[in-house]
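What follows is each chain in one-letter form.
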Amino acid sequence: MNITLFREEPLLAISLWNADPSLWLLIPLFLFAGWSFLRSEPFSRGSDLEVHKDEEGDRTADRSHVHHQANELLLCSLDALMSEFPVPIWIAEWPSGRLRSMNRASQELLGRKLEPRSTLFNCTDLYGFYHPDLGTYPPEWFPALRAVKSGASVIVEDLRALTPEGERRLLVGWAMPLRGYAGEIIGVVTAFFDRTDTLHKERAYEAHIQELTREVEKLKGQLTAMERKVALAHQLSNIGQMTAILAHEIRNPLGAIANAAELLLQLLPNADENERELLRLISSEARRLSDFTRQVLTYARMPDPEPVLTHIHEVIEQALDLLQKDPHFDSRICIRKEFSPVVTLCSVDPDLIKEVLWNLLLNAVQAMPEAGELVVATDLGEIPDRPSQRCVRITIRDSGVGIAPGDMEKLFDPFFTTKPFGTGLGLAAARRIIEAHNGEITVQSSPGKGTTVTIFLPL
Ligand code: ADP
Ligand code: MG
């Protein structure tokens, strides 16, 4: 069986059925022509009979014999005409129901040849016709039987057939009764149209629709989750604003308290050592709290950089200067600068970048309690994952304790700290500021060997 041919033919059949009904007119035309031709024969032969036979009874018997032959001739002609017709067609006799011919297209469609003993009454079983709910297709529903019973053409939409190879076909069956010389039904023509491909396409389309529906549902879920996140972010931003106001309000009085304690220390030279110690404690704790509120402020207020063309090396020098003047700075730490001469001006907010550098330098120094080397390098390069984006690269490298692998992903979380008096806001604020400049910040570390933090600022 030639499957390719088989698959193409139903398309042709459907196109004949849909697009060119005039071809179908050939069948009744042919039937009418054959019938007219045969009908004329009894008259010519009838005149001969009149010459040779006198008995009316003999004439009747002869005529019926001729009618029978004429009908048989009609059916034979139809069998011959349909044998190579590109639409699967069956021709059955009536009233015996004997299936007399099955053209090549039907054999290919059903994957079976004409069974000699087949009739319209047992054909559904013999040729694998079935009903999706009832199993074998009830013969009385078969289009051919319905056509002979009603005397008119019948279309059955959901006929199914199972080929011996196990392929399932969805068919449309069309049957038309054939009338003989005397107008009686002498047979029935059944044509089949294969809708299997259409069904497959419909199923694929339905599956696609279902998949799209699932996708839409998933997206809806994601959208709801995002809406919730946005609502939370909005809430957090309100909290952030309140925190910023609070921190701002606390910071000024804290400064005043620290100043007052230091002034008292000078104004009361006769204070005993306990009193002096208390004043020093008030001053240092007030300064620590003030520092903390400054960091909270930097983090809570969404940074809004005011970029100006800035000499990056000058900003770095200022940050290093601050660091070295800090009373806690360990002078045993060796600072090395590796500034590239190609790095000159960059459009940044110098105060915010100084804030970032201060946080990173402080972290580097705090990571080297036993002293070590601090390298600050600059260069031109490209932002990671944005290969065409040129940038200034600032690298701060220390030979300190390094970072435990488990801590790496928490580094930028606000309030993540491994230090007894740490705030956990330095890196979080640094990232906010760098991202507000449309840049990036990365951290690489080897525990026990040191850490490298790199800032990428777009040019
Ligand atoms: P804090 O310094 O107040 O702890 P940060 O946000 O600046 O907060 O840093 C968070 C944590 O990241 C630090 O507690 C420390 O564990 C780790 N860290 C940051 N920089 C370094 C560094 N250069 N070397 C080792 N650890 C670091
Ligand atoms: Mg820090």
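All of these numbers come straight from a predicted model, not from anything done at the bench.

What counts, and at which threshold
- Along each chain, residues carry numbers from 1 onward, in the same order as the chain's sequence is written.
- Note on labels: chains are lettered from A, ligands numbered from 1, in written order.
- It should be noted that, the model being predicted, local features are given only for residues of pLDDT at least 70 and side-chain atom pairs only at 80 or more, the latter also being counted only at that level, while totals for whole chains, interfaces and linings use all residues.
- Side-chain metrics in this entry use all non-hydrogen atoms of the structure; hydrogen atoms and water are not considered.
- Working definition: residue near molecule or strand if any one of its non-hydrogen atoms lies within 4 Å of it.
- What qualifies as a polar contact is a pair of N or O atoms within 3.5 Å, subject to a donor-acceptor requirement within protein and to the restriction that residues adjacent in sequence count only when both atoms come from side chains.
- Note on areas: these come from Shrake-Rupley sampling with a 1.4 Å probe, and a residue is covered only by the protein chains present in the view.
- Labels follow the DSSP assignment, with helices taken as runs of H or I lasting at least four residues and strands as runs of E lasting at least two, numbered in each case from the N terminus.
- Under the grouping applied here, Gly and all other residues not named as nonpolar or charged are polar, the nonpolar ones being Ala, Val, Leu, Ile, Met, Phe, Trp, Tyr, Cys and Pro and the charged ones Asp, Glu, Lys and Arg.
- Ring geometry is summarised as follows: Phe, Tyr and Trp rings, the Trp one being its six-membered ring, pair when their centres sit within 6.5 Å, and such pairs are stacked at plane angles under 30 degrees, edge-to-face over 60 and tilted between the two.
- Burial classes: relative accessible area under 20% of the type maximum marks a residue as buried, over 50% as exposed, and values in between as partly exposed (1.4 Å probe, protein chains only).
- Look at NZ for Lys and CZ for Arg. If either is within 6 Å of the ring centre and within 35 degrees of the ring normal, a charge sits over the ring.
- Only buried residues count toward a nonpolar core. Its members are Ala, Val, Leu, Ile, Met, Phe, Trp, Tyr and Cys residues joined through side-chain atoms within 4.5 Å.
- Contacts were defined at the residue level, with two residues in contact if any of their heavy atoms lie within 4.5 Å.

**Q** Looking at this structure, I do not really get the site of ligand 1. What am I missing?
**A** If you check the shell around ligand 1, you find 18 residues, and the closest are N363, T417, T418, K419 and L427. Within the side chain of T418, an N or O atom sits 2.4 Å from an oxygen atom of ligand 1. Backbone polar atom of T423 to an oxygen atom of ligand 1: 2.9 Å apart, as the coordinates give it. Protein chains shield 92% of the accessible area of ligand 1, which is 530 Å² for the free molecule. Mapped by element, the contributors of at least two residues to the shell around ligand 1 are α10 (350-366) and α11 (426-436). Here the shell around ligand 1 is built from residues that sort into 7 nonpolar, 9 polar and 2 charged.

**Q** Explain the packing of aromatic side chains here, please?
**A** Each aromatic ring pair is specified by the distance between its two centres and by the angle formed by the two planes. Tallied over the entire structure, the rule returns 9 aromatic pairs. Seen in terms of ring centroids, W90 and F129 are 5.7 Å apart; in terms of plane orientation they differ by 75 degrees. Their pairing is edge-to-face. With W90 in strand β1 (residues 89-93) and F129 in strand β3 (residues 129-131), this pair connects stretches of sequence that are 39 residues apart. Note on accessibility: W90 and F129 belong to one class, buried. With centroids separated by 6.2 Å and ring planes inclined at 85 degrees, the aromatic side chains of Y137 and W141 adopt a geometry described as edge-to-face. Accessibility expressed as a relative area gives 37% for W141, which makes it partly exposed. Taken together through their ring pairs, the aromatic side chains of W90, Y127, F129, F142 and F192 make up a single cluster. Between R431 and the ring centre of F412, over which it is positioned, the NZ or CZ distance is 4.4 Å.

**Q** Help me understand the nonpolar core, please; the structure alone is not making it clear to me.
**A** Most often, soluble globular proteins keep nonpolar side chains buried together rather than apart. Ranked by size, the top nonpolar core spans 39 residues in total, and within it I312, L357, L374, I455 and L457 carry the most contacts. Secondary structure elements with two or more residues in this core: α9 (312-325), β10 (345-348), α10, β11 (373-383), β12 (386-398), α11, β13 (440-446) and β14 (450-458). Sort the elements by how many residues they give to this core and α10 lands first, with 9 residues. The contact partners of L457, leaving out residues within four places of it in the chain, are I312, C346, V348, I353, C391, V392, I394, I434 and H437. The next biggest cluster of nonpolar side chains, apart from the first, holds 26 residues, and it includes M102, L126, Y127 and I185.

Remember, this is a structural readout, not a statement about activity or role.
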